[in-house]
Amino acid sequence: MSPDDRPTTGRWFEELAVGTVVRHATRRTVTEADNVLFTTMTMNPAPLHLDHDYAARTEFGRPLVNSMFTLALVVGLSVPELTLGTIVAQLGLDDATFPAPVFHGDTVRVETEVVEARPSRTRPTQGLVVFEHRAFNQRGELVCRVRRTGLMHRRPTGPAAGA
């Protein structure tokens, strides 16, 4: 696929300097349907996510949103401004933490900081970038932090770049 064939709103490797912080425009309110669907689709039978009666008797008093849904949402909210059309592949997720729970009805917003960036040693048209995604609920509480490594395209050059 040529660079002209893919939708591109993400940033090229050269635009991802260490220290860059992006506050993502899209936020998302998590619904009970999101949580139930994701939890059952991933075969997770944990009553803390699915059973209101059980969850009411926990320290949280209500069901928690599945942390794997939260993680996927956090990464997804970052895509339009960072990696849409500019990522080759996601190489890893590291150091995921969930310092506060997410509940049905919480609105999640994400900011991302570029914490590492280097040209690929073996792929001259690509570079490796480590993003730290931080997600907050509507009360400003940190609900997720994760580092994601992406193999990113460098800005295309020459006639195919559309210059």
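Given the structure is predicted, the values throughout are model-derived calculations rather than measurements.

(A) Spatial organisation of the pairing of strand S5 (residues 126-136). With eleven of its eleven residues buried, S5 lies for the most part within the structure. Where strand S4 (residues 107-119) lies against S5, ten bridges are found, and the strand directions are antiparallel. Looking at the pairing, Arg109 lines up with Phe136 of S5. Here S5 runs beside strand S6 (residues 142-153); their pairing, made up of eleven bridges, is antiparallel. When the bridges of S6 are listed, Glu132 appears paired with Arg147.

(B) View of helix H1 (residues 32-41). Turning to H1, its buried residues number three or more, namely Asp34, Asn35 and Thr39. Each buried residue of H1 lies within a common arc of 110° when the element is viewed along its axis, so the set occupies one face. Those residues of H1 that are exposed and angled more than 90 degrees off the buried face are Ala33, Leu37 and Met41. Structurally, H1 contributes buried residues whose contacts are with strand S2 (28-29), helix H2 (47-50) and helix H4 (67-82). The first or second residue beyond H1 is Met43, which carries a positive phi of 60°.

(C) Representation of the side chain of Asp106 in the model. Its location among the elements puts Asp106 in the loop between strand S3 (87-97) and S4. For Asp106, the side chain forms a polar contact with the main-chain nitrogen of Phe103, separated by 3.0 Å. Here Gln138 takes part through its side chain, which lies 3.0 Å from a polar atom of the side chain of Asp106. In contact with Asp106, not counting residues within four places along its chain, are Arg28, Thr29, Val30, Pro101, Asn137, Gln138 and Arg139.

(D) Representation of the packing of aromatic side chains in the model. In the structure shown here, the tally under the stated rule is one aromatic pair. Relative to Phe69, the ring of Phe38 has its centre 5.6 Å away and its plane inclined at 70°; by these criteria the two rings are edge-to-face. Here the residue Phe38 occupies a position in helix H1, and Phe69 occupies one in helix H4, the gap between them amounting to 31 residues. Taking relative accessible area as the criterion, Phe38 reaches 22% and is therefore assigned partly exposed. One cation-aromatic arrangement involves Arg62 over Phe103; the distance from NZ or CZ to the ring centre is 3.6 Å.

(E) Seen up close, the side chain of Thr149. Within the fold, Thr149 resides in strand S6. On the accessibility criterion, Thr149 (15% relative accessible area) is buried. Among all residues touching Thr149, those that are not within four sequence positions of it are Ala89, Gln90, Leu91, Gly92, Asp94, Leu128, Val129 and Val130.

Basis of the calculations
- Residues numbered from 1 in each chain as written.
- Predicted model: local features only at pLDDT ≥ 70, side-chain atom pairs only at ≥ 80, totals over all residues.
- Heavy atoms only, no water.
- Buried < 20%, exposed > 50% of the residue type's maximum accessible area, 1.4 Å probe, protein only.
- Helix = DSSP H or I, 4+ residues; strand = E, 2+ residues; numbered from the N terminus.
- Pairing = 2+ DSSP bridges.
- Arc of directions from axis to C-beta.
- Contact = heavy atoms within 4.5 Å.
- Polar contact = N/O pair within 3.5 Å; in protein donor to acceptor, adjacent residues only side chain to side chain.
- Phe/Tyr/Trp six-rings, centres within 6.5 Å; stacked < 30°, edge-to-face > 60°.
- Lys NZ or Arg CZ within 6 Å of the ring centre and 35° of its normal.

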